[in-house]
Amino acid sequence: MDRWLLVFVGGILSASLHSDIKFWLIFSTIALLLLATVNAFFYFRQREVKQRTIVLRLMVLFCGILWGNANLYWQNLRAIPDELMGNEIQLTLVVDEMSRRYPFHLRMTGRVEVLAGKVLPFWLQPRVQLSWYNSHHKQVPKAGERWQLEVKLKQATDYRNQGSFRYRKYLLRNNIYALGTVKDGEKLTRVISFRQRVFDGIERADLSEPGILAALTIGERSLLTSATRESWQKTGLAHSLAISGLHLGMVAGSTILFFRFCFYCFPISLKNRERLDIRLWSLVFAAIVVSGYAGMSGFSISTVRALTMFLVVLLHIVLKLKLNPLSLLLRVVAAVLVVDVFAWQDPGFWLSITAVAALFLASWRWSKSRGRFSAVKSLWSIQWQLLVVMSPLSFLLFGGFSLFAPVVNLLVLPVISFWLLPLALIGTVFALFGSDIAVSFWQLSELPVTCLTPLLDALAGHPANWLELNQWPITRAARFAVLFALTAAMLLPVSRGWQRLGLLLCLPVAAFSFFNHRDGKLR
């Protein structure tokens, strides 16, 4: 099955290599019909097994191409017509994100239900990002509300500087098809979403780190200060601010324990206990709760990717399928690309896949720790392995990497996983029911973070922490030579201490191969 998945993934990726979407949609459909006819012909003859396998793989390839082009075509269908750009039009907007107020304007994002008098079906409703100037006397639109607006739309454009941030691509990845300026507006409905309700509760509460709680509970980062962003990124903790597999796994584990506790505490007869498959139902209940947690975060790109990976792994556990780690990783990648064919364009996708692959690689080539404190030794070893493997990507994306990241992650991640996240989510549940107890849980959950913030700021500002080599030039040939040497070192078996030390000494050399001119700030 792995070969079929590789062919399918190759078909999806090849869909981005051309620009004529309609031609490839028609061509892929015709090719699939012809190949299906040839396959039926070979099936009835029952002799040409090899030829039939080739035909089936070609069918899988064109299925991938067709799926990729269908998503590209659907994206083009949702685009706003060019004739509406630059003109003042009326639209009905359903706000689906928290609006942000700036000194001279506020910014809102939402789905367009009615565009220039035309009601759009749900699957064709584009998202737009609107700026409302001179709105200091206006009420801030909230997520879930419906507004009727007079706007002037325009296409998003990239910055002209070479190598600068591709703003238009970023907007399209978030399904935002146009920018605009609001001339006037009127609120039609006052119903706000559950996510907005939690956000308002966190914003009103007397919290020292509301941005961290909002990021972990509802996936909203607008309350994060620039100092917190830089401090957490330069200490290797930026990944914990995005809802990922770590957060979903902790929620799933807590849900399973809670379900089993309730199952054994409730007065259920022994006969009914034997009938129920507690393992199956606890996993199903965990999947439902985790999906609800992802929904509270607004089903952002990173959360959908993590949820897809989690559900694929959970499905294999439910079906009791035993696979080698690389085969499971391939199935996870294929599932992510089926759900989101543009996922490979995100740096977060490669960071997630590389981290999982690094863990699988470490379990294959590094000897396991034994004896006393073996669990702590294993976690310590995993943190350094992730640092070695992830440093090139971190250097390429952020301009450097943190040498203190293994120590910081080893100390802080357990606090986030077993204290901050559970208490914050319990407070979120109370906030959904309008209970004031939520503030107490939020304040209790952030106590360790408040104590750790001075330490994280000191480590982030330490000159030995952030390693960036953007001032040390190196030739192109040297970069490839060093990259090849590091790859060879990573593939060699490592079972002794001096071999591990030699591998870690390759880290500063590896950074040379990914020399760039970024400033190391998270964007």
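Conventions we followed
- Think of each chain on its own: its residues are numbered from 1, step by step along the sequence as written.
- Given that the model is predicted, a residue must reach a pLDDT of at least 70 before its local features are reported, and side-chain atom pairs must reach 80 or more before they are shown or counted; all residues, however, enter totals for whole chains, interfaces and linings.
- As a rule here, side-chain values come from all non-hydrogen atoms in the structure, and water together with hydrogens is ignored.
- Each helix is a run of DSSP H or I of at least 4 residues and each strand a run of E of at least 2, with the numbering of both proceeding from the N terminus.
- Burial here depends on accessible area, computed with a 1.4 Å probe over protein chains only, as a share of the maximum for the residue type. Under 20% is buried, over 50% is exposed, and the range in between is partly exposed.
- Pairs of residues are marked as contacts when any of their non-hydrogen atoms sit within 4.5 Å.
- Each accessible area is a Shrake-Rupley result for a 1.4 Å probe, and residues are judged covered by the shown protein chains and nothing else.
- Basic side-chain nitrogens of Lys or Arg form a salt bridge, by our definition, when they fall within 4 Å of a carboxyl oxygen of Asp or Glu.
- Two N or O atoms form a polar contact when they lie within 3.5 Å of each other; inside protein one atom must be a possible hydrogen donor and the other a possible acceptor, and for residues adjacent in sequence the pair counts only when both atoms belong to side chains.
- Excluding any residue in a salt bridge, patches collect residues exceeding 30% relative accessible area, merging like charges within 9 Å and nonpolar Val, Leu, Ile, Met, Phe, Trp and Tyr side chains within 5 Å.
- DSSP bridges decide pairing: two strands pair if at least two such bridges lie between them.
- The span expected for a helix works out to 1.5 Å for each residue beyond the first.
- pLDDT runs from 0 to 100 and stands for how confident the predictor is about each residue.
- In summary, the pairing rule links any two rings of Phe, Tyr or Trp, Trp by its six-membered ring, whose centres are within 6.5 Å, and it sorts them by plane angle into stacked for under 30 degrees, edge-to-face for over 60 and tilted for everything else.
- Each axis is a line fitted through C-alpha atoms, and for a helix only the stretch in contact is used; angles between axes span 0 to 180 degrees, taken between their N-to-C directions.
- Should the near helix be turned anticlockwise from the far one by less than a right angle, the crossing is left-handed, and should it be turned clockwise, the crossing is right-handed.
- Note on residue categories: nonpolar means Ala, Val, Leu, Ile, Met, Phe, Trp, Tyr, Cys or Pro, charged means Asp, Glu, Lys or Arg, and polar means any other residue, Gly included.
- The arc refers to the directions leading from the helix axis to the C-beta atoms.

S.K.: I'd like to hear about the overall build of the protein chain, residue by residue, with values.
M.R.: Counting its regular elements, the protein chain contains 20 helices and nine strands. Looking at the protein chain residue by residue over its 523 residues, the buried ones come to 41%. Long-range contacts, defined here as pairs at least 24 residues apart, represent 73% of the contacts in the protein chain between residues at least 6 apart. Of the roughly 29,000 Å² of accessible surface on the protein chain, a fraction of 65% belongs to carbon and sulfur atoms.

S.K.: Provide a residue-level description of the pattern of salt bridges, including the pertinent values.
M.R.: Under the counting rule described, the total for this entry stands at 10 salt bridges. Across the pair Lys142 and Asp200 runs a salt bridge whose closest N-O atoms are separated by 3.5 Å. Taken together, the residues span a long stretch of sequence, with Lys142 in the loop between β5 (127-133) and β6 (146-154) and Asp200 in helix α5 (residues 194-204) at a distance of 58 residues. Assessed through its relative accessible area of 9%, Asp200 is described here as buried.

S.K.: Let's hear about the side chain of Ser402: which residues, and what values?
M.R.: Checked against the element boundaries, Ser402 lands in strand β8 (residues 401-402). Owing to a relative accessible area of 5%, Ser402 belongs among the buried residues under this scheme. In this structure the side chain of Ser402 is engaged in a polar contact, spanning 3.1 Å, whose partner is the backbone oxygen of Lys234. One polar contact links Ser402 to Asn465, side chain to side chain, over a distance of 2.5 Å.

S.K.: Help me get a handle on a nonpolar patch on the surface, residues and values and all.
M.R.: On the surface, Tyr73, Trp74, Leu77, Phe122 and Trp123 cluster together to form a nonpolar patch covering roughly 570 Å² of accessible area. Along the chain, Tyr73 turns up in helix α3 (residues 49-77). The class for Tyr73 is partly exposed, based on a relative accessible area of 31%.

S.K.: Go over the pairing of strand β1 (residues 88-95) with me, naming the residues and quoting the values.
M.R.: Across the eight residues of β1, six count as buried, placing the element largely inside the fold. Where β1 and β6 come together, seven bridges link them in antiparallel fashion. Opposite Ile89, over in β6, you have Val151 as the bridge partner. Summarising the sheet, β1 and strand β3 (residues 105-115) pair through five bridges and their orientation is antiparallel. Directly across from Thr92, in β3, lies its bridge partner Val114.

S.K.: Just give me the short version of helix α8 (residues 245-265), but keep the residues and values in it.
M.R.: Taking 1.5 Å as the rise per residue, α8 with 21 residues should run 30 Å; its terminal C-alpha atoms sit 30 Å apart, in good agreement. Regarding α8, the residues found buried are His247, Leu248, Met250, Val251, Ala252, Thr255, Ile256, Cys262 and Phe263.

S.K.: Please set out the pairing of β3 residue by residue, giving values where relevant.
M.R.: For β3, a buried count of eight out of 11 residues is recorded, marking the element as mostly surrounded by other parts of the structure. As paired elements, strand β2 (residues 100-101) and β3 share two bridges and run antiparallel to each other. Among the inter-strand pairings, Arg100 is bridged to a residue of β3, identified as Arg107. Pairing geometry for β3 and β5, over seven bridges, is antiparallel. Within β5, the residue paired with Thr109 across the bridge is Gln129. Across two bridges, the pairing between β3 and strand β4 (residues 118-119) is antiparallel. Bridging across to β4, Val114 finds its partner in Val119. Hairpin geometry of β3 and β4 is characterised by an intervening segment of two residues between the two adjacent antiparallel strands and by a positive phi of about 55 degrees at Ala116.

S.K.: Can you lay out the confidence of the model for the protein chain for me, pointing to particular residues and giving the numbers?
M.R.: The predicted model of the protein chain averages 80 in pLDDT, with 80% of residues at 70 or higher. For the protein chain, helix α20 (residues 507-513) is the element with the lowest average pLDDT, namely 48, and helix α16 (residues 437-445) is the one with the highest, namely 93. Note that pLDDT drops below 50 for residues 510-523; the model gives that stretch 46 contacts with residues more than four away or on any other chain.

S.K.: Got a sec to walk through the side chain of Thr228? Specific residues and values, please.
M.R.: Within the secondary structure layout, Thr228 lies in helix α7 (residues 226-234). Among the polar contacts made by the side chain of Thr228, one reaches the side chain of Thr225 at a distance of 2.8 Å. The residues touching Thr228, leaving out its near neighbours within four places in the chain, are Glu209 and Ile212.

S.K.: Let's hear about the packing of aromatic side chains: which residues, and what values?
M.R.: Tallied over the entire structure, the rule returns four aromatic pairs. Between the aromatic rings of Trp132 and Trp147, the centroid separation amounts to 5.9 Å while the plane-to-plane angle is 90 degrees, which identifies the pairing as edge-to-face. With Trp132 in strand β5 and Trp147 in strand β6, this residue pair connects regions lying 15 residues apart in the sequence. The class for Trp147 is buried, based on a relative accessible area of 5%. Their ring planes at 10 degrees and their centres at 5.5 Å tell us that Phe430 and Phe441 sit as a pair that is stacked. Highlighted residues: Phe430 in helix α15 (residues 405-432) and Phe441 in helix α16, separated in sequence by 11 residues.

S.K.: Could you give an account of the packing of α8 against α15, naming the residues involved and the relevant values?
M.R.: Relative to each other, α8 and α15 sit at 60 degrees, their axes nearing to 11 Å. Where α8 crosses over α15, the two elements pack in a sense that is right-handed. Only Leu413, Ser417, Phe418, Leu421 and Leu425 of α15 make contact with α8, whose side of the interface consists of Leu246, His247, Met250 and Val251. For the contact of α8 with α15, the residue count by class is seven nonpolar, two polar and no charged.

S.K.: Summarise α16; cite the residues concerned and give the values.
M.R.: When α16 is considered as a whole, its buried residues turn out to be Ala438, Trp442 and Ser445. For α16, the angular spread of buried residues about the axis comes to 65 degrees, placing them on one side. Contacts from the buried residues of α16 go to α5, α6 (210-217), α15 and α17 (447-461).

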